[in-house]
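Results of the structural survey
So the chains spell out like this:
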Amino acid sequence: MAHIDGRLLWAERLTVSYRASGRPALDDVSLDISAGSIHGLLGRNGAGKSTLMHALLGMARLDSGRVGRSPGVRVGWCAQKLVIDWFLGVHDNVLLGARLRGLTGRSARRAADEVLDAVGLSDKAPRDPEELSGGEQQRLMLARTLAFDPDVYILDEPFVGLDALVKRGLMGVLRERSTRGSAVLVSSHELDVVEHDVDHITLLDGGRRAFSGDRGAFIARFVPMDTVRLVFDRPVTADDEAGVAGSRLGGANALEVEVPSGSPIPDLLSMAASLGGVIDVVRTASTLGDAVEAAYDRMGAGEGR
Ligand SMILES: Nc1ncnc2c1ncn2[C@@H]1O[C@H](COP(=O)(O)OP(=O)(O)OP(=O)(O)O)[C@@H](O)[C@H]1O
């Protein structure tokens with residue numbers, strides 16, 4: 001696989017309409033998917049996430065713009081709706097992914113066994129897909145995509161219906177694949193699952209790109225401040241409060257101060273040390289979920305369009 005500037009797959013100013021009139025489902029959206037990254041595609045229901053994924057896969061009719069792919073890059077997709085070969089058994093569905101990757105014989109079977117194990121379906125391998133639960137069928141689709149082991153994973157709401165342990169395990173497998181150089185584009189409303197693993201965020205709002213950048217920049221943009229709490233082993237005095245610029249009382253034994261999201265705070269720490277009696281410094285960092293909530297609030301109020 002060769003790539004251009006680390007980019008494996010990209011969209012340039014895509015506009016897609018499902019009907020001739022009315023607002024486009026995707027409006028002038030650009031996106032780069034780079035090797036080794038996990039890229040979260042976020043947005044409310046109907047924001048255009050699936051449409052963008054379909055466009056990247058070459059499955060949407062473009063009004064304008066273009067999709068580019070570096071030479072030899074293989075793209076794998078796990079759809080939001082169930083796409084399973086119901087005429088094949090569980091193991092053979094996964095084997096299909098390994099064969100599409102070019103593996104044959106024992107190595108294909110081994111690859112299929114490995115991913116069935118990774119998604120916790122080894123014991124269901126001899127079954128037919130209709131004998132699986134909804135969550136297991138979802139895992140089967142993911143297993144097939146993992147067996148294909150593409151350079152770019154396009155995963156549309158892959159965690160719906162999965163239990164917490166399986167979700168975490170799958171996120172770990174995706175992280176491992178990205179560390180080996182694959183790229184992952186994942187849409188999800190389950191921010192707690194992707195919270196610690198996404199490097200890059202693109203946020204869509206009504207078909208338009210409202211944000212694209214790294215995770216830290218996203219949080220800083222929508223929740224610009226963290227709260228730091230200085231806890232004392234004694235009541236806070238007026239001198240303490242005056243000594244920490246911008247602080248407020250946080251109960252009898254604590255001061256609270258707002259600092260820029262994610263920023264180092266050496267001055268505040270040395271100030272705390274000089275006050276005497278500070279026994280704990282607790283920083284409440286904003287999460288991806290906080291930032292998305294704040295972003296959706298602002299988008300509801302018209303910002304970001
Ligand atoms: N086949 C279609 N025909 C007509 N309109 C469509 C079609 N598919 C999607 N749309 C419309 O395009 C817009 C974007 O839909 P899309 O499925 O891309 O959103 P999404 O962000 O993936 O939403 P969700 O989070 O609910 O999955 C929506 O307004 C939707 O109603």
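Predicted model only: the values in this text are computed from it and were never measured. (Residues numbered from 1 in each chain as written. Predicted model: local features only at pLDDT ≥ 70, side-chain atom pairs only at ≥ 80, totals over all residues.)

**Some thoughts on the sheet that holds strand E8 (residues 200-205)**
Ordered by their spatial adjacency, 6 strands build an open sheet running E5-E6-E7-E3-E8-E9, and the pairing between neighbours is mixed. For this open sheet the edge positions go to strand E5 (75-78) and strand E9 (208-214), each flanked by a neighbour on one side alone. Averaged over neighbouring strand pairs, the angle between their axes works out to 15 degrees when direction is ignored. Looking at chain direction, strand E6 (residues 152-156) and strand E7 (residues 183-187) are connected through 5 bridges and run parallel. Residue pairing across strands places Tyr-153 opposite Val-184, the latter belonging to E7. In the packing of helix H7 (residues 215-222) onto the sheet, contacts are made with E8 and E9, and the angle to E9 comes to roughly 120 degrees. (Pairing = 2+ DSSP bridges. Helix = DSSP H or I, 4+ residues; strand = E, 2+ residues; numbered from the N terminus. Axes fitted to C-alpha atoms, helices over the stretch in contact; angles between N-to-C directions. Contact = placed C-beta atoms within 7 Å.)

**Some words on the domain arrangement of the protein chain**
Along its sequence, the protein chain is carved into domain 1 (7-220) and domain 2 (225-285). Domain 1 and domain 2 are separated by 43 Å when their C-alpha centres are compared. (Domains from an automatic or database assignment.)

**Thoughts on helix H10 (residues 288-300)**
The terminal C-alpha atoms of H10 lie 18 Å apart, and with 13 residues this matches the ideal 18 Å at 1.5 Å per residue to within 8%. Taken together, the buried positions of H10 are Leu-288, Ala-291, Val-292, Ala-295 and Met-299. Projection of H10 onto a plane perpendicular to its axis shows the buried side chains occupying an angular sector of 100 degrees, all on one side. Residues of H10 that are exposed and angled more than 90 degrees away from the buried face: Asp-297 and Gly-300. Along its buried surface, H10 packs onto strand E3 (38-42), helix H6 (191-194), E8, E9 and H7. (Expected span 1.5 Å × (residues − 1). Buried ≥ 20, exposed ≤ 12 C-beta atoms within 10 Å, placed from the backbone. Arc of directions from axis to C-beta.)

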